[in-house]
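Residue-level listing of the chains:
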Amino acid sequence: MSILIPATAAILALGMFVPWAVRRAYRAPRVGERGTPTEVGLPYRSVRIPTANGKTLFGWFVPAPAGVRGAAGVAVMHGWGGNAEDMLPFAVLLHRADCAVLLLDARNHGSSDGDGFSSLPRFAEDLEHGLDWLGAQPGVDPKRLALLGHSVGAAAALLVASRRQEPAAVVSISAFAHPVDLMRRQMSLHHVPYWPVGWVVLRYIEHSIGARFDAIAPCHSIRAVACPVLLVHGEADELVPPSDVRRIHANRRDERTELLLLPDTGHSSARAVVEHGAAIAAFLRRHLR
């Protein structure tokens, strides 16, 4: 009995510590927008879009250029700790390609509402609500909608496209292959042992987000994506190595999933749009005609 009491106390202490530590470690940093699309020469209006749990999302809607009727629409989602402003270089590219663009802030990011624990499924929920809103806008053709995301936003775009028929194309930028691999790399960087601490953390996160990692991993969701996909990844990405995107591409459903590797480009590849954006624009033109 004397042995069981300390053991039980240790388990209870771990059970209380893990939720606190996980939520602290994986709390998304909130950074607000400092500029607007006007600063890059784009017309826009700020919007609030309802999402899950009675919350609202902040976004910038950039209409298609004047004179474009029945425009294609692209819903754009940033990565972890980012905001709509991070994705402005893509908005410039898409506007020049005659698209209407919706730049979103995920919950707990930018100027959107807070809502507990950020996760890939919540990013996907927010992107879905943005997609629905975009398809209902006057001047936007609901049959010519696309998704573009960066990092966890890219993983969310693939997850949405695996569940929905509306997207006509997806551009995934710097997506990780599997959440477990990503988090294990982060744990190793901070010298956190996988067993038993890391294993317990991962199980707790699965419970908190209400989804198994295998069910939402981009390397698995890509198999259910029926529309064309462009997988873009920097060859110098140290946060998510290029082997991740090759793994996603290897699991593709068909040959309409293309791979574009960018030389001398790291994880935050928005700056590479100036040099390599023509390939992204050409992909979308082909599939949103």
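What counts and how
- Residues numbered from 1 in each chain as written.
- Predicted model: local features only at pLDDT ≥ 70, side-chain atom pairs only at ≥ 80, totals over all residues.
- Heavy atoms only, no water.
- Helix = DSSP H or I, 4+ residues; strand = E, 2+ residues; numbered from the N terminus.
- Buried < 20%, exposed > 50% of the residue type's maximum accessible area, 1.4 Å probe, protein only.
- Contact = heavy atoms within 4.5 Å.
- Areas by Shrake-Rupley, 256 points an atom, 1.4 Å probe, with all protein chains shown as cover.
- Lys, Arg positive; Asp, Glu negative; His and termini not counted.
- Charge placed at Lys NZ, Arg CZ, Asp CG, Glu CD.
- Axes fitted to C-alpha atoms, helices over the stretch in contact; angles between N-to-C directions.
- Parallel < 35°, antiparallel > 145°, perpendicular 65-115°, else oblique.
- Left-handed = near helix turned anticlockwise from the far one by under 90°.
- Disulfide = S-S within 2.5 Å.
- Core = buried A, V, L, I, M, F, W, Y, C linked by side-chain atoms within 4.5 Å.
- Pairing = 2+ DSSP bridges.
- Phe/Tyr/Trp six-rings, centres within 6.5 Å; stacked < 30°, edge-to-face > 60°.
- Right-handed = clockwise from strand over helix to strand, strands pointing away.

Q: Help me understand the overall build of the protein chain, please; the structure alone is not making it clear to me.
A: Along the protein chain, the regular secondary structure elements total 10 helices and 8 strands. Seen through its C-alpha atoms, the protein chain measures out along the principal axes to roughly 80 × 40 × 30 Å. Every one of the 289 residues in the protein chain was classed for burial, and the buried ones make up 54%. Expressed as a percentage of contacts within the protein chain between residues at least 6 apart in sequence, the contacts between residues at least 24 apart total 74%. On the protein chain, roughly 13500 Å² of surface is accessible, and the fraction owed to carbon and sulfur atoms is 56%. Taking the average location of the 30 positive side-chain charges in the protein chain and that of its 26 negative ones, the two points are 3 Å from each other.

Q: What is the right way to read the packing of helix H5 (residues 179-189) against helix H6 (residues 194-209) from this model?
A: Packed helices, taken two at a time, are described by the angle their axes make and the gap between the axes. Orientation of H5 relative to H6, taken along the N-to-C sense of each, is 135°, at an axis distance of 11 Å. Our classification of the angle between H5 and H6 gives oblique. You can see that H5 and H6 cross each other, and the crossing is right-handed. Between H5 and H6, the contacting residues are Val-180, Met-183, Arg-184 and Met-187 on the first element and Tyr-194, Gly-198, Val-201, Leu-202 and Ile-205 on the second.

Q: Help me understand the state of the cysteines, please; the structure alone is not making it clear to me.
A: As used here, a disulfide is simply a covalent bond connecting the sulfur atoms of two cysteines. Inspection of every chain in the model, using the stated rule, returns 0 disulfides. No disulfide involves Cys-219; its sulfur sits 18 Å from that of Cys-227, the nearest cysteine.

Q: Would you take a moment to explain the nonpolar core for this structure?
A: Side chains that are nonpolar tend, in soluble globular proteins, to be buried together. Grouped together as the largest cluster of nonpolar side chains are 57 residues, with contacts concentrated most on Leu-120, Leu-127, Leu-134, Leu-147, Val-170 and Phe-213. It is helix H4 (residues 152-163) that contributes the most residues to this core, 9 residues altogether. Here Leu-120 is in contact with Val-152, Ala-155, Ala-156, Leu-159, Phe-176 and Ile-216, once residues within four sequence places are set aside. Counting residues in hydrophobic clusters, the runner-up holds 37 residues, among them Phe-58, Cys-99, Ile-280 and Ala-281.

Q: Quick question: what am I supposed to make of the environment of Leu-202 here?
A: Position of Leu-202 among the secondary structure elements: in helix H6. Residue classification places Leu-202 among the buried residues on the basis of a relative accessible area of 0%. C-alpha of Leu-202 to C-alpha of Arg-184: the two residues are 18 residues apart in sequence and 9.2 Å apart in space. With residues up to four places along the chain from it excluded, the contact list for Leu-202 reads Val-180, Met-183, Met-187, Tyr-194 and Phe-213.

Q: Help me out: how do you make sense of the sheet that holds strand S8 (residues 257-262) in this one?
A: Hydrogen bonding along the main chain pairs the strands of a sheet, whether they run parallel or antiparallel. If you trace the 8 strands from one edge of the open sheet to the other, you get S1-S2-S4-S3-S5-S6-S7-S8, paired in mixed fashion. Every interior strand has two partners, whereas the edge strands, strand S1 (45-50) and S8, have only one. Ignoring which end each strand starts from, the neighbouring axes of this sheet average 20° apart. Relative to strand S2 (residues 56-62), S1 runs antiparallel, the two being bridged by 6 bridges. Residue pairing for S2: Arg-45 is matched across the bridge by Phe-61. Its contacts with the sheet place helix H2 (residues 88-96) against S2, strand S3 (71-77), strand S4 (99-104), strand S5 (140-150) and strand S6 (167-173), and it is angled at close to 165° to S4.

Q: Sorry if this is basic, but what is going on with the packing of aromatic side chains here?
A: How two aromatic rings sit relative to each other is given by the distance of their centres and the angle of their planes. One pass over the full model with this rule turns up 5 aromatic pairs. Between Phe-61 and Trp-133 the ring centres are 5.5 Å apart and the planes differ by 75°, which places this aromatic pair in the edge-to-face class. One end of the pair, Phe-61, is in strand S2; the other, Trp-133, is in helix H3 (residues 120-135), and 72 residues separate them in sequence. The burial state of Phe-61 is the same as that of Trp-133; both residues are buried.

Q: Looking at this model, I keep getting lost on the pairing of S4. Mind explaining?
A: The side chains of a regular strand alternate, residue by residue, between the two faces of the sheet. Taking burial as the measure, the 6 residues of S4 include 6 buried ones, the bulk of the element. Going residue by residue along S4, you find Cys-99, Val-101 and Leu-103 tucked away on one face and Ala-100, Leu-102 and Leu-104 tucked away on the opposite face as well. Here S2 pairs with S4 via 4 bridges, running antiparallel. Bridging across to S4, Phe-61 finds its partner in Leu-102. Both S3 and S4 contribute to a ladder of 6 bridges, which runs parallel. Its bridge partner being in S4, Ala-72 is matched across the sheet by Cys-99.

Q: Would you take a moment to explain the pairing of S8 for this structure?
A: Summarising the sheet, strand S7 (residues 229-234) and S8 pair through 6 bridges and their orientation is parallel. Across the sheet, the residue bridging to Leu-231 is Leu-259, located in S8. Note that the unit made of S7, helix H9 (residues 242-250) and S8 has a crossover that is right-handed.

Q: Please clarify how the environment of Asp-98 should be interpreted in this entry.
A: Considering the arrangement of structural elements, one finds Asp-98 in the loop between H2 and S4. The class for Asp-98 is partly exposed, based on a relative accessible area of 40%. Taking the C-alpha atoms as reference, Asp-98 lies 9.1 Å from Gly-73; in sequence the two are 25 residues apart. If near-sequence neighbours (up to four positions away) are discounted, Asp-98 is found in contact with Ala-64, Pro-65, Val-68, Ala-71 and Ala-72.

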